[in-house]
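# Architecture and fold: a report
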Amino acid sequence: KSAIFWVQRIGEEERKKMFYPLVSVIIPVYQAEKFLTECVESVRKQDYSELEIVLVNDGSTDRSNQMCEELAAADPRIRVIHQNNKGSGAARNAGIEATGKYLLFLDADDKLDDSSAIRSLAARAEREQADIVIGTYRRWRANGEKVKCCSNLEKENPDSAEFRFHGFFQKGTLSYDWGKLYRKSFLESHDLWIPPYSYAEDKAHNFRCCACHPKYAFVTQSIVLYRENLQSLTYQPKKNLMRNWILIASDFEQFLKEKHLSREYGDLIFFHLLIGAMYLAKEEMTYQGKKIRVAAKILKQYSRNPFVEQKLTLKECIRYTRQIKSLFWKLLAFTLVLFIQMHMYFVVAAVFVWMSSLGIDSL
């Protein structure tokens, strides 16, 4: 009887691993004492049994360090990695050494939106044999309001410029590391570490993932409650933003050359730089005032960068906008590139100020 029991027990464990592969949830932690417990509890309460939780303390100086250790002592599924402050990208990279078949990144000021979130992602990954599984998310505003952010990419061809434009620039679904389930072997086989940029490193990471032809899968369920935390980096002035933005594009071009994919994914470089003109103008107007001269000054500096000059041309604009469906973006892209080529920075700035006054999200 004893032998039969152990045979049955081993069989159960093997079946468990087969149907419930280990998922490692990686949470970078920096100055997160206000939100950390709630974030971790949302993972601990998942109805998916095969979990490990990796807390990467990124040089916090508040109580986050102590809280990580306390949480680990309370749950054997939690382990803690300590490092000097290197940024969220480096913290995620530290967690990639986790043992799970799949990796799920989650920011410490957010939380999982439903107790079945990980089960839904893992089931889809196994069923579709997917490398990256993407769900929707809800924005969690300071007043407690929760707004669903949804973008259905499932019907788009994942090898198309439309898929990339929609996912990275119109909706942003493809851009973020958090809330996605990544097959660890896919990241390892292509050396897809998160690059060390000061901002938008997750977009740069997913540019590279996309160029390595992953099998994407999607769930309609909201996976993450994204907290609009006004103290986070997203809502703070960013140093060297222009240099960082251009470096992401130029490094990605080098990545594509190494992979012999330059022409196939050049649309990501073009639209990234085009959005950069709008984003930089937005940042300047946010902190310097919504004035045409403020936006015009930064646009002039940006457009005269040699790499930007080379890529934001009418020829490139026509090549890549013809591959997308949105008439609005076709016209906007052509107009902006034309005026930038003609050095009509004040006209472009006036357009941005007008768009900002209308409350258009891109500004």
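This text follows the structure it describes.
Thresholds, definitions, all that
Residues numbered from 1 in each chain as written. Predicted model: local features only at pLDDT ≥ 70, side-chain atom pairs only at ≥ 80, totals over all residues. Heavy atoms only, no water. Helix = DSSP H or I, 4+ residues; strand = E, 2+ residues; numbered from the N terminus. Buried < 20%, exposed > 50% of the residue type's maximum accessible area, 1.4 Å probe, protein only. Contact = heavy atoms within 4.5 Å. Areas by Shrake-Rupley, 256 points an atom, 1.4 Å probe, with all protein chains shown as cover. Salt bridge = Lys/Arg side-chain N within 4 Å of Asp/Glu carboxyl O. Phe/Tyr/Trp six-rings, centres within 6.5 Å; stacked < 30°, edge-to-face > 60°.

### Examining the overall build of the chain
Regarding its fold elements, the chain presents 15 helices and nine strands. By residue count, 55% of the 363 residues in the chain fall in the buried class. Long-range pairs, those at least 24 residues apart, make up 76% of the contacts in the chain with a sequence separation of at least 6. Approximately 17,500 Å² of the chain is accessible, and the part contributed by carbon and sulfur atoms is 52%.

### What to know about the pattern of salt bridges
A complete count under the given rule lists 21 salt bridges for this structure. Here lysine 311 and glutamate 253 are joined by a salt bridge, their closest N and O atoms 2.4 Å apart. Remark: glutamate 253 occurs in helix α9 (residues 241-259) and lysine 311 occurs in helix α12 (residues 306-311); sequence separation between them is 58 residues. Taken individually, lysine 311 and glutamate 253 each receive the classification buried, so the pair is uniform in this respect. Between glutamate 316 and arginine 319 there is a salt bridge; the shortest N-O distance is 3.4 Å. Taken together, the positions of glutamate 316 and arginine 319, both in helix α13 (residues 314-321) and three residues apart, correspond to about one turn of that helix. What you see here is one network of salt bridges that share partners, running through Glu41, Arg44, Asp75 and Arg77.

### Brief notes about the packing of aromatic side chains
Enumeration over the complete set of coordinates arrives at 24 aromatic pairs. For the pair phenylalanine 252 and phenylalanine 255, a centre-to-centre distance of 6.2 Å together with 15 degrees between the ring planes defines the contact as stacked. Taken as a pair, phenylalanine 252 and phenylalanine 255 lie in helix α9 at a separation of three residues, close to a single helical turn. The exposure class of phenylalanine 252 is buried, given its relative accessible area of 2%. One aromatic cluster is present, built from ring pairs that chain together Phe165, Phe168, Phe169, Phe207, Phe252, Phe255, Phe270, Phe271, Tyr320, Phe328 and Trp329.

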